[in-house]
Amino acid sequence: MSLVDFWVVLGGCLTVCLAAPIVTQEAGNPAQVTSVEVKTLRCGVPDVSNYEHFSGTRKWEKNLITYRITRYTSDLTQSQVDTTIAQAFQLYSDVTPLDFRQVHDDTADIIILFQARFHGDFYPFDGPDGVLAHAYKPGPSDGGDAHFDDDETWSLTETGVNLLLVAAHEIGHSLGLDHSDDSQALMFGHYNYVNTIGYRLPDQDRRRIQALYGVNNNIMACCFTFFAGRMPRQQIISITKTHRTCAQQGFVVTTARGKICVSLNQTWAQEAFANQQIGHHK
């Protein structure tokens, strides 16, 4: 073991033994990880006390970013986790040129997992409450990876810990955002539950992510091929209309597996578009 590795391991052990919720790290150490610690549930990222930006590269230099979920929580079904994580990513793709795709092989840019205690990095989780999750800044190898403490009770509502809100926060770190000192911001260092029906990025978070990646000028793309079937409502994350200038009008339906187009005369699509319980709407 090298001297550097020794000090990294020792630092991790001291963090666990002393239960220190806030850690100050030198640039370049593996602690360029972000997280949310709770008793005031909060993000366990080292910058939680001073809100500094990560050192080094803090954005992806490409627009298509892939992710893979390697371990799931037993609190929700796999389908619920897939859909919720996709919805969290979409909060960012809706307002930037970024596009996210779930894959099932080792080529993924971002690895997502749910695991308790020690889980393969220098930041073991601490049991229920405390640290909820953490994520690494953009980059190669572990860059962008997001880990969720499986000792928490994950939910889609106000009970337990809401997965959409924490996932969206950690994905913000995975994309290069640091914490905010605005208590209304998604990137605030402490977990605050808000109603997620119709949830969109708060204005400050939207402005900050657009400062890194730019604005999405193609939010309502035109459709060329239309899906003829009926999509089960529980699989729909969001549904929007194509732009009025498109040659063929239709609805763009977003699911965890991607986007499909359906014609305007599809009754189920009209009902889904009007149903405020589905995802978020434009």
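Residues numbered from 1 in each chain as written. Predicted model: local features only at pLDDT ≥ 70, side-chain atom pairs only at ≥ 80, totals over all residues. Heavy atoms only, no water.

Q: What exactly am I supposed to notice about helix α3 (residues 163-174) here?
A: For an α-helix, 3.6 residues make a turn, and residues three or four places apart therefore share a direction. With 12 residues, α3 extends 16 Å between its outermost C-alpha atoms, agreeing within 8% with the 16 Å of an ideal straight helix rising 1.5 Å per residue. The element α3 is extensively covered by neighbouring structure, given that 12 of its 12 residues are classed as buried. Of the positions making up α3, those classed as buried are Leu 163, Leu 164, Leu 165, Val 166, Ala 167, Ala 168, His 169, Glu 170, Ile 171, Gly 172, His 173 and Ser 174. Its side-chain oxygen placed 3.1 Å from the backbone nitrogen of Leu 164, Asn 162 serves as the N-cap of α3. Looking one or two residues beyond α3, the residue adopting positive phi is Gly 176, at roughly 115°. (Helix = DSSP H or I, 4+ residues; strand = E, 2+ residues; numbered from the N terminus. Expected span 1.5 Å × (residues − 1). Buried < 20%, exposed > 50% of the residue type's maximum accessible area, 1.4 Å probe, protein only. Polar contact = N/O pair within 3.5 Å; in protein donor to acceptor, adjacent residues only side chain to side chain.)

Q: It is not clear to me how the pairing of strand β6 (residues 131-136) should be interpreted in this structure. Could you clarify?
A: For a regular strand, the rule is simple: side chains alternate between the two faces of the sheet. With 6 of its 6 residues buried, β6 lies for the most part within the structure. Note that β6 and strand β7 (residues 146-149) share 3 bridges and pair antiparallel. Pairing of His 134 across the sheet is with His 147, part of β7. (Pairing = 2+ DSSP bridges.)

Q: Looking at this structure, I do not really get the pattern of salt bridges. What am I missing?
A: Considering all chains together, one arrives at 5 salt bridges under this definition. Asp 109 is the salt-bridge partner of Lys 62, the closest N and O atoms lying 2.7 Å from each other. Residue Lys 62 is located in the loop between β2 (41-43) and β3 (64-71), and its partner Asp 109 is located in the loop between β4 (99-102) and β5 (110-115); the two are separated by 47 residues in the primary sequence. Residue Lys 62 is classed as partly exposed on the basis of its relative accessible area, which comes to 36%. A salt bridge links Arg 117 to Asp 151, with the nearest nitrogen and oxygen atoms 3.5 Å apart. In this pair, Arg 117 sits in the loop between β5 and β6 while Asp 151 sits in the loop between β7 and β8 (154-155), placing the two residues 34 residues apart along the sequence. When its relative accessible area of 43% is taken as the criterion, Arg 117 is described as partly exposed. (Salt bridge = Lys/Arg side-chain N within 4 Å of Asp/Glu carboxyl O.)

Q: What is the right way to look at the environment of Val 262 in this model?
A: Turning to its location among the elements, Val 262 is positioned in strand β12 (residues 258-263). You can call Val 262 buried: its relative accessible area is 0%. Distance in space between the C-alpha atoms of Val 262 and Met 231 is 9.7 Å, their sequence separation being 31 residues.

Q: What is the right way to read the packing of helix α2 (residues 78-93) against α3 from this model?
A: A packed helix pair is summarised by two numbers, namely the angle formed by the two axes and the spacing between the axes. Axis separation between α2 and α3 bottoms out at 9 Å; the angle between their running directions is 50°. As judged from the angle between their axes, α2 and α3 are oblique. Read as a crossing pair, α2 and α3 show a hand that is right-handed. From α2, Val 81, Thr 84, Ile 85, Gln 87, Ala 88, Phe 89, Leu 91 and Tyr 92 reach across to α3, where they touch Leu 163, Leu 164, Ala 167, Ala 168, Ile 171 and Gly 172. A per-class count over the contact of α2 with α3 returns 11 nonpolar, 3 polar and no charged. (Axes fitted to C-alpha atoms, helices over the stretch in contact; angles between N-to-C directions. Parallel < 35°, antiparallel > 145°, perpendicular 65-115°, else oblique. Left-handed = near helix turned anticlockwise from the far one by under 90°. Contact = heavy atoms within 4.5 Å. Nonpolar A, V, L, I, M, F, W, Y, C, P; charged D, E, K, R; others polar.)

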